[in-house]
Protein chains: 2
Amino acid sequence: MKVGFIGLGIMGRPMALNLLKGGHQLHVWARRLESMQPLLAAGAKPASGGAELARDCDIVISMVADSPDVEQVALGVGGVAEGAEAAGRTDLIYIDMSTIAPSSVRSIAARMAERGVTMLDAPVSGGEVGAIAGSLTIMVGGVEAAFECARPILACMGTTIARIGESGAGQVAKACNQILTGVGVAMVAEAMHFARSSGVDPAKVREALLGGFASSRILENHGQRMLDRNFKAGFKSWMHQKDLRIVLDEAHKMGLALPNSAATSQMLNATVGSGMGDDDSISILRLLETLSGRA
Amino acid sequence: MKVGFIGLGIMGRPMALNLLKGGHQLHVWARRLESMQPLLAAGAKPASGGAELARDCDIVISMVADSPDVEQVALGVGGVAEGAEAAGRTDLIYIDMSTIAPSSVRSIAARMAERGVTMLDAPVSGGEVGAIAGSLTIMVGGVEAAFECARPILACMGTTIARIGESGAGQVAKACNQILTGVGVAMVAEAMHFARSSGVDPAKVREALLGGFASSRILENHGQRMLDRNFKAGFKSWMHQKDLRIVLDEAHKMGLALPNSAATSQMLNATVGSGMGDDDSISILRLLETLSGRA
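Participant: Can you tell me about the relation of the copies chain A and chain B, naming the residues and giving the values?
Facilitator: In the superposition of chain A on chain B (RMSD 0.0 Å, axial shift 0.0 Å), the rotation amounts to 180°. Taken together, the rotation and translation describe the operation of a two-fold axis. Of every C-alpha in chain A, the one belonging to S216 of chain A sits nearest the axis of rotation, 2.0 Å from it.

Shown next as structure tokens:
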């Protein structure tokens, strides 16, 4: 298939490379020309923007930072909807794989539909490592027929490809993922902090607890990194902060109380505020230590 | 070995039965005579109290509810220390397997040591199911020689037997376990609540997330029970409430901030206050639903 890809950052670049490896014809566009170079070197064709991709490709994918970026790419001047309209197309599938608010997706998808473009939300988990390995979990919202059409493309980038429901459902699943990973990291940090402050070896506690109900991939992986004091990202604190803001904004709109998500969100605010925004979100451990005079 | 067992409730009874199955000579005592009957029927010998057990047994174990009970059993009139002193013994090992505060254990162990008794703290995780199956995780604090001596006895009741450190360290590990299971249940409840309130099938979200970093035994087991709306304990809310009180009391003493443990503790207070104390602690989900008018 002819696939257009917009946004070639830390996640987008390896994801796009995996589409090339999967044998697809890839057309790319990024705001910064230098971001496109590695893809062009690997055989992708450059485009002048979203409109051109919408004219020439079967599927257009975006992987950008936040809702305003998606809005711009999809509906802005020179964007996907404009290109599809100009070319008189009604068969274009647009897949946004960024992590943005479910309510933003639903709004953008509805406006894209009015202009003849079928939009899927397909946020991912698995991080840069999963993006490079092509082993991402991809959570999809949108109409089933478009999902089935896009599945072989998504399968080049991930191993778990799940349609969760209608438009926005992929982002809802991603938000749930960020609740579980955000609060998960925070609670493991609290347990490690509690153990060490009690004069007990947190490594022995982690080891004993991995055998029981407290066992989790976060205790296993992030717990070990906390013991190693390896705060290199991984997943940056400011990104996790952003994702929990999305969760709490949605909770605000729906009138939901999410006490642990809220507590963790506050901790991530303070982690970023303490200058650890570019470090891994396990830096919550250092924040707890500083807070209690044990840094 | 001759083992004395005090406290034959939901956990203590199956644990004591597994000692009998392991070929040990078992002497039992419980406040209520009827609690002793199933053990006597299985071949245990009745005792008149902790003092008698301390005189006649190599090891005395207690499995009771809270710190004052352990204090009474260990140091009270007719208790273990009194019996050991009266018999002139200095080789008695006393193992408390209840879940109580690390600071309480350290204090009780120090006073037992003054009276010639070596105490281990050995709280367990794995619940009634693990107690019956003999598959508990047992986290031990206390001197190494006593631990090695007690290990074959503990191995009748659990599969993971870990010495975490000196006196109190077993309770510190258990406290960490209760942070991870308590906050773990609360965050899974928040994610399920968020998904359903967003109009998305929480079963599909759970399924997709089990493949990635959000995966945990709690998402797997307790998550499924939330989907099944099966609120039968399992582990009762009031017991988890008690265990997080221990965590926060210790945090208070040490001057530690544990925001997620605190948020979860508040949720458990309200769960018990809403009449769900005898239901499983996954009832936090129903509390969240009631809170946001979605019961």
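Having seen it, we continue.
Participant: If you had to explain the packing of helix α9 (residues 169-197) of chain B against helix α11 (residues 217-227) of chain B to someone new, which residues and values would you point to?
Facilitator: All names here are of chain B. Packing of α9 against α11 brings their axes to within 10 Å, and their N-to-C directions diverge by 50°. Classified by the angle their axes make, α9 and α11 are oblique. Two packed elements cross with a definite hand, and for α9 against α11 that hand is right-handed. Where α9 approaches α11, its residues L180, T181, G184, V185, V188, A189 and M192 are matched on the opposing element by I218, L219, H222, G223, M226 and L227. Across the contact of α9 with α11, the residue classes tally to nine nonpolar, four polar and no charged.

Participant: Before we move on, can you summarise helix α10 (residues 202-209) of chain B with the specific residues and values?
Facilitator: Here α10 of chain B has its buried residues at P202, V205, R206, A208 and L209 of chain B. Buried residues in α10 of chain B, looked at end-on, bunch into an arc of 165°, giving them a common side. Close packing links the buried residues of α10 of chain B with β8 (136-141), β9 (158-165) and α9 (169-197) of chain A together with α9 and α11 of chain B. The N-terminus of α10 of chain B is capped by D201 of chain B, whose side-chain oxygen sits 2.9 Å from the backbone nitrogen of A203 of chain B.

Participant: Can you explain the interface of chain A and chain B? Please cite residues and give values.
Facilitator: Listed per partner, the contact involves 62 residues of chain A and 62 residues of chain B. Summed over both partners, the interface of chain A with chain B comes to about 5300 Å²; 72% of that surface belongs to carbon and sulfur atoms. Per-residue buried area on chain A facing chain B is highest for L180, F194 and F213 of chain A; these three make up 16% of the total on that side. Taken together, the connections running from chain A to chain B amount to eleven residue pairs in polar contact (both at pLDDT 80 or more). Secondary structure elements with two or more residues in the side of chain A that touches chain B: β8, β9, α9, α10 (202-209), α11 (217-227), α12 (237-254), α13 (259-276) and α14 (284-291) of chain A. At 20 residues, α9 of chain A tops the list of elements feeding residues into the side of chain A that touches chain B. Grouping the constituent residues of the side of chain A that touches chain B by class yields 36 nonpolar, 19 polar and seven charged.

Participant: So what's going on with the environment of M15 of chain A? Which residues, and what values?
Facilitator: Residue and element names in this part refer to chain A. Mapping M15 onto the fold places it in helix α1 (residues 12-21). Look at M15 and you get buried, because its relative accessible area is 0%. As for M15 and M139, which are separated by 124 residues in sequence, their C-alpha atoms are 15 Å apart. Discounting chain neighbours no more than four positions away, the residues touching M15 are F5, M63, M97, V124, A131, L136 and M157.

Participant: An account of the nonpolar core is requested, with residue identities and associated values reported.
Facilitator: With 88 residues, the main nonpolar core has I164, F194 and L209 of chain A together with I164, F194 and L209 of chain B as its most contacted residues. Non-local contacts of F194 of chain A, meaning those with residues more than four positions away in its chain, are made with V172, A175, C176, I179, V247, E250, A251, M254, L256 and L258 of chain B.

Participant: So what about the domain arrangement of chain A? Which residues, and what values?
Facilitator: Residue and element names in this part refer to chain A. On domain assignment, one finds that chain A holds domain 1 (2-165) and domain 2 (173-291). For domain 1 versus domain 2, the separation of C-alpha centres amounts to 30 Å. Opposite the 13 residues of domain 1 that make contact, domain 2 presents nine residues. Of the roughly 900 Å² buried between domain 1 and domain 2, counting both surfaces, carbon and sulfur atoms make up 59%. At the junction of domain 1 and domain 2, the tally comes to one salt bridge. The residue R245 makes a salt bridge to D66 at a minimum N-O spacing of 3.1 Å. At the junction of domain 1 with domain 2, the criterion picks out seven residue pairs in polar contact (both at pLDDT 80 or more). When contributions to the side of domain 1 that touches domain 2 are tallied by element, the ones reaching two or more residues are α6 (102-114) and β7 (124-125). In terms of residues, the side of domain 1 that touches domain 2 owes the most to one element, α6, which gives three residues.

The rules behind each value
Residues numbered from 1 in each chain as written. Chains lettered and ligands numbered in written order. Predicted model: local features only at pLDDT ≥ 70, side-chain atom pairs only at ≥ 80, totals over all residues. Heavy atoms only, no water. Least-squares fit on C-alpha atoms with pLDDT ≥ 70 in both. Axes fitted to C-alpha atoms, helices over the stretch in contact; angles between N-to-C directions. Helix = DSSP H or I, 4+ residues; strand = E, 2+ residues; numbered from the N terminus. Parallel < 35°, antiparallel > 145°, perpendicular 65-115°, else oblique. Left-handed = near helix turned anticlockwise from the far one by under 90°. Contact = heavy atoms within 4.5 Å. Nonpolar A, V, L, I, M, F, W, Y, C, P; charged D, E, K, R; others polar. Buried < 20%, exposed > 50% of the residue type's maximum accessible area, 1.4 Å probe, protein only. Arc of directions from axis to C-beta. Polar contact = N/O pair within 3.5 Å; in protein donor to acceptor, adjacent residues only side chain to side chain. Buried area = accessible area lost by both parts, 1.4 Å probe. Core = buried A, V, L, I, M, F, W, Y, C linked by side-chain atoms within 4.5 Å. Domains from an automatic or database assignment. Salt bridge = Lys/Arg side-chain N within 4 Å of Asp/Glu carboxyl O.

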